[in-house]
Each structure stands twice: as structure tokens, then as C-alpha cells.
Amino acid sequence: MRLCFLVEEQYRYDGMPVDVIRQLTAWGHRVDVLRPGSSLIRLSETVRSGRHDAWVLKTVSGGPGLTLLEGAAAVGLTTVNDARAIRGVRDKALAAVLAEARGLPVPVTYAAARAEEFAELPADAFPLVVKPADGSSGRAVRLVPDAGHLTDPGAEPTGDGLLIAQPYVPNSGVDLKVYCLDGELYATERRSPLHPDRPPTERHVPLTPEVAAIATEVGAVFGLDLYGVDIVLGPDGPVVVDVNDFPSFRQVPDAVARVARAVLRLAEAGGTGHLLPMPRPALTAPARAIGGNA
Ligand SMILES: Nc1ncnc2c1ncn2[C@@H]1O[C@H](COP(=O)(O)OP(=O)(O)O)[C@@H](O)[C@H]1O
Ligand SMILES: [Mg+2]
């Protein structure tokens, strides 16, 4: 197979995806790597050449890689994950709307441009978790005990984008992180960044049928094939607090080989097994000149 990986600077030396690329190459596949943000890309030439069986994105929130992947999808190339599915989870405000509309167990979610605006919420919405809508890796996520603490000059900067806030779901301080590789599920436990006082445990744990059903449903709702779900176990059961496309797959046994095999399966199948509402554009759609008679 011939694959094109989009890898942004932040992941340049990371095992995920560098070792996956190495593994695929060792199996005899041809992998081209594009580094959006650090190399010149001849846009239409690269995207339209149609030389690749699939394009794979491992990139950072808001980075330039997603635009390229969307370009590849727009001309009908197979992408892993589906480009529209990635857009749906990269924005936590959009993800909250999609998840809630499809009945996933998620906290009530509020959005505002500035943290002070959450002061309008009733007192019983606090403690509140405030996070940037385009955040990742625990960046600028804060537990706010009451409206008087919404602004904190010492807090990590949140950037210029939208903020979201959710009531804090009481939990043990340990997240359940469920990883999904084209239908295979793995559960791990990791300390929540909101509970730095807890021991820094990280281990593989058994998956309950209830959590497995929720994690599978997340894939169907968002149309993702390679993803991770952050779940906290609250007083009323599991609650989904975050969904990530192409996560680290930390603690997944043989993660590199499993991810590589999942990428190959998805590339062969022509992309997502999940049905999304919009049809894929055909690669061979005739060109039409704007204003012309073609
Ligand atoms: N509503 C919530 N209730 C309880 N804990 C939460 C809530 N939202 C987030 N957290 C905790 O904060 C962590 C980071 O938030 P998350 O939404 O996963 O952001 P990031 O994209 O930075 O990982 C989660 O893993 C979880 O431990
Ligand atoms: Mg998270």
C-alpha cells in the first residue's frame, strides 16, 4: 500500500506515529510523510495526484494538517480518520452538541468567550471545569470552585478561542481512558490532571460492558475509527468528558503494530466503516468552470 502521513512538528519524534510509520515501511508499504508547518507543500499537486491509498493525520489541535486532510477528502481520497469526524471532536463545543444530541452521557456544557461570563450560571453549577474548546493534553483545564474564582491571574493562558465549562462530575480522581482501534477496545486508567495529589498511576484495566458500549457508540456518533475517550466514573455512572482522534494509545499492548494494522485495514476498506450523513465526493467528478457552460 502507499500511504501519506501528515505529521506536525509536535509529533516529529514521538513513537506515535513515528514507530507506526517505521513498522509499515518494514512490512513493505510505502509511506510518504508530509510535515505541514515545516516544509513546502505543492498543494494541488500533492493532493490531486491520487498516488496514495489513504492519507493519515496525526496532528495537533488547530494545526495546518487538518486543512490538508480535508483537501484530500474533498477530492475523494480515503482519509484515516474521516476528515469531517476529526473536525467534530477537535472543537469541544461542537463535540458537546453532537454527543448530547445523540444521547451520549456527557455533562451539561456552556460556552463563553471569557471565563467571567460563567458567573451568570447558578451557584449549583459549581464547581465548574473550565477548558479551552480547542484544548488538548490537559492544557489550561481548571477546576473552579465558585464564581469568585473564575478569573485567576496565575492560570495557564487559554488562548483566544472559545471556552467551555461543565459542572464537575465527582469522581475518584482517576480517568478511564478507552482507546479504540478500528473496533478493538482497550481500557486504561490514568490520574486526572485535576487531581495532581493522586498517585500517578497508569495501567491497563478490564473493560466493563457498559463502558464498552459507550466507547463504541462514541465511534458511531462521531464517525471515528482511531480514537480515545476520556471517561470519569460519576455517582450516576460513566460520563464522557473528552474524545480524541488518533490519541497516544499509551498502555495498549503492541500499540504500534495494532495501530499499523488498523491503518492498513481502514485504507483497504476505503476509510471509515461508520456511516456519516454527508456523501463522499467522487474522485472523478467532472471539473466545472465557474461561470462557464461546462
Ligand atoms: N466535567 C468534568 N468533570 C470532572 N472531570 C473533568 C470534567 N471535564 C474534564 N475533567 C477532567 O479534566 C481532564 C482534562 O479535560 P479534557 O476535557 O480531557 O481536556 P484535554 O483535551 O485537555 O485532555 C479530564 O481527563 C478529566 O480528568
Ligand atoms: Mg482529555
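Calculation notes
Residues numbered from 1 in each chain as written. Chains lettered and ligands numbered in written order. Predicted model: local features only at pLDDT ≥ 70, side-chain atom pairs only at ≥ 80, totals over all residues. Buried ≥ 20, exposed ≤ 12 C-beta atoms within 10 Å, placed from the backbone. Helix = DSSP H or I, 4+ residues; strand = E, 2+ residues; numbered from the N terminus. Contact = placed C-beta atoms within 7 Å. Pairing = 2+ DSSP bridges. Domains from an automatic or database assignment. Axes fitted to C-alpha atoms, helices over the stretch in contact; angles between N-to-C directions. Core = buried A, V, L, I, M, F, W, Y, C linked by C-beta atoms within 7 Å. Arc of directions from axis to C-beta. Near = placed C-beta within 6 Å. Nonpolar A, V, L, I, M, F, W, Y, C, P; charged D, E, K, R; others polar. Parallel < 35°, antiparallel > 145°, perpendicular 65-115°, else oblique. Left-handed = near helix turned anticlockwise from the far one by under 90°.

## Some points on helix α4 (residues 83–90)
Taken across its 8 residues, α4 has 6 buried, putting it largely inside the fold. Listed as buried for α4 are A83, A85, I86, G88, V89 and R90. Its buried side turned inward, α4 meets β3 (54–58), α3 (65–74), β4 (79–80), α5 (92–101), α6 (209–222) and β13 (237–245).

## Looking at the pairing of strand β6 (residues 128–132)
Summarising burial for β6: 5 of the 5 residues are buried, a large majority. By the alternation rule, side chains of β6 split into L128, V130 and P132 and V129 and K131, which are all buried. Sheet topology note: the β6/strand β8 (residues 163–167) ladder contains 5 bridges and is antiparallel. By the bridge assignment for β8, K131 is matched with I164.

## A few points about the domain arrangement of the chain
Reports often express the size of an interface as the amount of accessible area lost when the parts come together. Domain boundaries in the chain define domain 1 (108–167) and domain 2 (174–252). Taking only C-alpha atoms, the centre of domain 1 and the centre of domain 2 are 22 Å apart.

## Side note on the sheet that holds strand β5 (residues 110–112)
The strand order across the open sheet formed by 4 strands is β5-β8-β6-β7, and the pairing between neighbours is antiparallel. At either end of the open sheet lies a strand with only one pairing partner, and these are β5 and β7 (142–144). Averaged over all pairs of adjacent strands, the angle between their axes in this sheet comes to 30 degrees, without regard to strand direction.

## Here's the deal with the sheet that holds β4
Taken in spatial order, the 4 strands line up as β2-β1-β3-β4 in an open sheet, and their pairing is parallel. Two strands lie at the open edges of the sheet, namely β2 (30–34) and β4, each paired on one side alone. Two strands pair when backbone bridges link them, and strand β1 (residues 2–7) and β3 are joined in this way by 5 bridges, in the parallel orientation. Of the residues in β3, the one forming a bridge with V7 is K58.

## Some words on the nonpolar core
Soluble globular proteins: nonpolar side chains tend toward being buried together. Counting residues in each nonpolar core, the largest one holds 72 residues, and the members touching the most others are W55, V56, L69, V178, V218, V240 and V263. Mapping this core onto the domain boundaries places at least three of its residues in each of domain 1 (108–167) and domain 2 (174–252). Those residues within four positions of V240 in sequence are excluded, and the remaining contacts are A99, L104, P105, V106, I214, V218, V229 and I231.

## Description of helix α1 (residues 15–26)
Each α-helix winds once per 3.6 residues, and so residues spaced three or four apart point in a common direction. Three or more residues of α1 are buried, namely P17, V20, I21 and L24. End-on, the buried residues of α1 take up no more than an arc of 100 degrees, which puts them together on one face. Buried residues along α1 sit against β1, β2, β3 and α7 (255–269).

## Looking at the site of ligand 1
What surrounds ligand 1 is a group of 21 residues, the closest being Q166, V169, S192, V241 and D242. Those elements that place two or more of their residues in the shell around ligand 1 are β6, β12 (226–234) and β13. Tallied by class, residues from the shell around ligand 1 come to 9 nonpolar, 7 polar and 5 charged.

## A word on the packing of α1 against α7
Here α1 crosses α7 at 65 degrees, and the two axes come no closer than 9 Å. Taken together, the axis directions place α1 and α7 in an arrangement best described as roughly perpendicular. Our pair here, α1 against α7, has a crossing hand that is right-handed. Contacts between α1 and α7 involve G15, D19, V20, Q23 and L24 on the former and, on the latter, V256, A257, V259, A260 and V263. For the contact of α1 with α7, the residue count by class is 7 nonpolar, 2 polar and 1 charged.

## Some remarks on the environment of K131
Of note, K131 is situated in strand β6. As a C-alpha pair, K131 and I164 span 33 residues in sequence and 5.5 Å in three-dimensional space. Aside from chain neighbours lying at most four places away, what touches K131 is K92, A140, V141 and I164.

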